[in-house]
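# Structure assessment
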Amino acid sequence: MSDKKIKNHKIAVFAGGCFWCMVQPFNVPGVYGVVVGYTGGKKKNPSYEEVSTGETGHYEAVQIKYNPREISYKKLLEIFWRSIDPTDSEGQFADKGQQYKTAIFYNDEEQKKLAEKSKKELEKSKFKNSKIVTEIKPAVIFYPAEEYHQDYYKKNTVQYKTYRHLSGRDD
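The rules behind each value
Residues numbered from 1 in each chain as written. Predicted model: local features only at pLDDT ≥ 70, side-chain atom pairs only at ≥ 80, totals over all residues. Heavy atoms only, no water. Disulfide = S-S within 2.5 Å. Buried < 20%, exposed > 50% of the residue type's maximum accessible area, 1.4 Å probe, protein only. Phe/Tyr/Trp six-rings, centres within 6.5 Å; stacked < 30°, edge-to-face > 60°. Helix = DSSP H or I, 4+ residues; strand = E, 2+ residues; numbered from the N terminus. Contact = heavy atoms within 4.5 Å. Lys, Arg positive; Asp, Glu negative; His and termini not counted. Salt bridge = Lys/Arg side-chain N within 4 Å of Asp/Glu carboxyl O.

## Quick word on the state of the cysteines
- Within this structure, the stated rule accounts for zero disulfides.
- No disulfide involves Cys 18; its nearest neighbouring cysteine sulfur is the one of Cys 21, lying 4.3 Å away.
- For Cys 21, a relative accessible area of 1% gives the class buried.

Right, dumping it as structure tokens:
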């Protein structure tokens, strides 16, 4: 993805379990950056080691910079829902704990409305005949993760693919 400067860009924030696995799905036209990090917790500037304990209250999340003239927030929501198991209240796939739970963090009333509508549509579909547990919350401070976590799927391709497969996410 390009770091190209765009005017009137918007930000979307999604927590979908392991943040390494949430970057590649958003590598689509109209998205100009995906940063992995932590949000929703109490501790300021948490480290990966601290968040990994599950005690800081943070979620592993992605912050997406996008151009709404090229890709809609609704389309980003569709990508998000297809990338997670919204019925898992304990985390995602092999990863369990607070930091791996799913959530949509909205930045304005329009994002909130669209997120709630998309969740209701998923509930109506009776996805897996289970309750949709993904939360919809107001955005709070997003802390970028350490550099070695950024674009992990590109930097560590073999380890990333092995992790995805063994975690059950590919299924």
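## A few points about the packing of aromatic side chains
- Summed over the entire model, instances satisfying the criterion amount to 10 aromatic pairs.
- The interplanar angle of 35° and the centroid separation of 6.3 Å between the aromatic rings of Phe 19 and Tyr 48 together place this pair among those described as tilted. Note that Phe 19 is positioned in the loop between strand E1 (10-16) and strand E2 (31-39) and Tyr 48 in helix H1 (residues 48-52), a separation of 29 residues in sequence.
- Among the residues examined, Phe 19 registers a relative accessible area of 0% and is labelled buried.
- The interplanar angle of 80° and the centroid separation of 5.8 Å between the aromatic rings of Trp 20 and Tyr 163 together place this pair among those described as edge-to-face. On the criterion of sequence distance, the pair formed by Trp 20 in the loop between E1 and E2 and Tyr 163 in helix H5 (residues 157-167) is long-range, its members being 143 residues apart.

## Brief notes about the environment of Ile 64
- Of note, Ile 64 is situated in strand E3 (residues 59-66).
- Since its relative accessible area comes to 0%, Ile 64 is described here as buried.
- Remark: the alpha-carbon pair of Ile 64 and Phe 26, spanning 38 residues in sequence, is separated by 7.9 Å.
- Contacts of Ile 64, omitting those with residues within four sequence positions, involve Lys 10, Ile 11, Ala 12, Phe 14, Phe 26, Val 31, Gly 33 and Val 34.

## Focus: the side chain of Asp 95
- Inspection of the secondary structure assignment puts Asp 95 in strand E5 (residues 95-96).
- Buried within the structure, Asp 95 lacks any salt-bridge partner; its nearest side chain of opposite charge belongs to Arg 169, at an N-O separation of 5.6 Å.
- Excluding its chain neighbours within four sequence positions, the residues that come into contact with Asp 95 are Cys 18, Glu 90, Tyr 100 and Tyr 163.

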